[in-house]
Amino acid sequence: DLYIVEARATGNYGYYYPAAVKMIDAVLAENPEKSEDKFRALTSKAVIQLSYHQFEDALATGQKAVIINPYNSRVYGILTDANLELGNYDEAVTMVDSMVAIRPDLRSYSRVSYLREIYGDVPGAIAALEMAIKAGAPGHEETAWCRVILGNLYKTYGNLEAAEFQFKASLAERKGYPFALQGLAAVESAKGNNKEAIQLLEQALEGRSDASFYSDLYHNYKALGNTQKMEEAKVKAFVELSSLEDDGHDHGHIETKEHGHSHDVGLEMAQLYLTLSKNYEEATHHGLHEYAIRPNNIDVNKVLAEAYLQTDKLDLASEHFAKASATGSQNPQLILIGAMIELKKGNAKKGKEQIKKALELNPYLNSNLSEEAAQVLTNTNGLAQN
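About the thresholds
For every chain, the first residue of the written sequence is number 1, and numbering continues from 1 onward in sequence order. Side-chain atom pairs in this predicted model are given and counted only at pLDDT of 80 or more, local residue features only at pLDDT of at least 70, and totals for whole chains, interfaces and linings cover all residues. Neither water nor hydrogens contribute to the side-chain values; these are computed over all heavy atoms in the structure. Note on conventions: DSSP H or I runs of at least 4 residues are helices, E runs of at least 2 residues are strands, and numbering of each starts at the N terminus. Here's how the labels work: a residue is buried when its accessible area is under 20% of the maximum for its type, exposed when over 50%, partly exposed in between, all with a 1.4 Å probe on protein chains only. Any helix carries an expected span of 1.5 Å times its number of residues minus one. What we call a nonpolar core is a set of buried Ala, Val, Leu, Ile, Met, Phe, Trp, Tyr and Cys residues that are connected through their side-chain atoms within 4.5 Å. Any two residues whose heavy atoms approach within 4.5 Å are treated as being in contact. Two distance rules govern patches: like charges are joined within 9 Å, and nonpolar side chains (Val, Leu, Ile, Met, Phe, Trp, Tyr) within 5 Å, applied only to residues with over 30% relative accessible area and no salt bridge. Here the open area of atoms and residues is found with the Shrake-Rupley method and a 1.4 Å probe, where only the protein chains shown may cover a residue. By convention in these notes, a salt bridge is any Lys or Arg side-chain nitrogen within 4 Å of a carboxyl oxygen on Asp or Glu.

A. Main features of unusual backbone geometry. The residue Lys278 is not glycine, and still its phi comes out positive at about 55 degrees. Assignment of secondary structure puts Lys278 in the loop between helix H15 (266-277) and helix H16 (280-293). The class of Lys278 is partly exposed, set by a relative accessible area of 43%.

Spelled out as structure tokens, the structure:
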């Protein structure tokens with residue numbers, strides 16, 4: 001357990017997680033089937049499997065643990081996370097209900113928030129995160145992380161002022177916290193303050209190297225028209241993500257070749273190819289790899305829907321968009337993907353209505369599709385005026 005804590009605190013997953021696995025394997029080998037130590041070892045093993053992105057294995061390990069002790073909140077958190085990643089959302093709701101009933105705290109409320117957002121209840125998601133923060137200890141890393149999640153939630157739905165408050169509160173409690181700096185950079189970027197955003201991202205990179213930081217740098221340099229810095233940031237994003245298979249860290253997810261473990265960054269790689277390279281063939285390739293593992297996951301289907309949209313494979317885009325929308329998510333970027341599919345299919349009225357809805361939910365949307373969508377509305381307004 002100490003190794004797992006140190007891995008998260010230092011970001012040195014490649015060292016601490018194999019050490020943790022070695023200890024866990026020893027405990028599992030030495031203890032009787034229904035002992036407390038066996039239960040603790042199984043839950044720790046499942047946490048590491050989730051970090052390795054071995055979601056089916058984590059689910060199976062969690063199910064073994066819950067038989068030993070069905071009254072522990074941690075194991076229901078594991079079962080919630082595994083089902084979430086696999087796209088078993090109804091089962092995830094059942095698991096998090098059990099978790100909250102046993103122990104209503106930061107960990108359970110934050111999972112409630114994520115599920116509420118998935119099901120389209122954004123006010124409910126915000127309320128749950130506020131409860132999570134109140135239940136957390138000020139200055140603790142988990143509390144700072146919850147503030148970042150809340151800030152990102154506000155940012156996703158266009159409330160920059162509230163987002164900025166949460167990121168600054170996170171930094172006030174935990175100075176130099178990289179993910180809070182990244183969030184604050186995103187707010188500055190949305191305001192058009194790209195130079196300030198770049199400075200904040202460079203500060204974040206001093207504390208932690210992360211592919212998403214380089215990806216954000218790319219978009220800010222793009223806004224400034226600095227093609228050399230854009231290319232440098234893009235290369236570093238891909239190098240950072242590719243290296244995860246060897247050195248073992250990724251947004252809290254890790255991998256090593258030892259003990260037969262492997263880490264899959266297919267979804268993250270698909271997103272980079274989609275947003276930075278506009279290499280839709282590679283984005284589709286990596287997305288389909290993930291789809292074979294977890295076909296009901298809405299993030300996987302969202303990436304595939306956009307990749308197929310960009311290559312005019314509209315039937316496939318529609319198929320994956322329907323799966324990405326199955327829970328009723330109100331994510332503006334997802335709605336925008338659906339809007340552009342409708343436009344390309346010739347359903348102009350419905351497409352424009354959905355574009356307006358997406359931009360009303362978040363006027364600061366900044367993506368390849370949002371630029372195209374804004375142009376559609378501009379042309380439409382121009383025609384109307386003429």
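B. Region of interest: helix H17 (residues 298-310). Over its 13 residues, H17 runs 18 Å from end to end, which matches the ideal 18 Å to within 8%, given 1.5 Å per residue. Listed as buried for H17 are Ile298, Val300, Asn301, Val303, Leu304, Ala305, Glu306, Ala307, Tyr308, Leu309 and Gln310. Looking at the residues trailing H17, positive phi occurs at Asp312, about 60 degrees.

C. Representation of the nonpolar core. Core analysis: the biggest nonpolar cluster contains 77 residues, and Tyr177, Leu217, Leu309, Leu336, Met340 and Ile355 have the highest contact counts within it. Beyond its immediate sequence surroundings of up to four residues, Leu217 is in contact with Ile198, Leu201, Leu205 and Ala233. Ranked by size, the runner-up nonpolar core spans 29 residues in total, among them Tyr16, Val21, Leu28 and Ala65.

D. Summary view of a nonpolar patch on the surface. Residues Tyr3, Tyr15 and Met23 make up a contiguous nonpolar surface patch of about 330 Å² in total accessible area. Position of Tyr3 among the secondary structure elements: in helix H1 (residues 2-10).

By themselves, these are just geometric observations and shouldn't be taken as functional.
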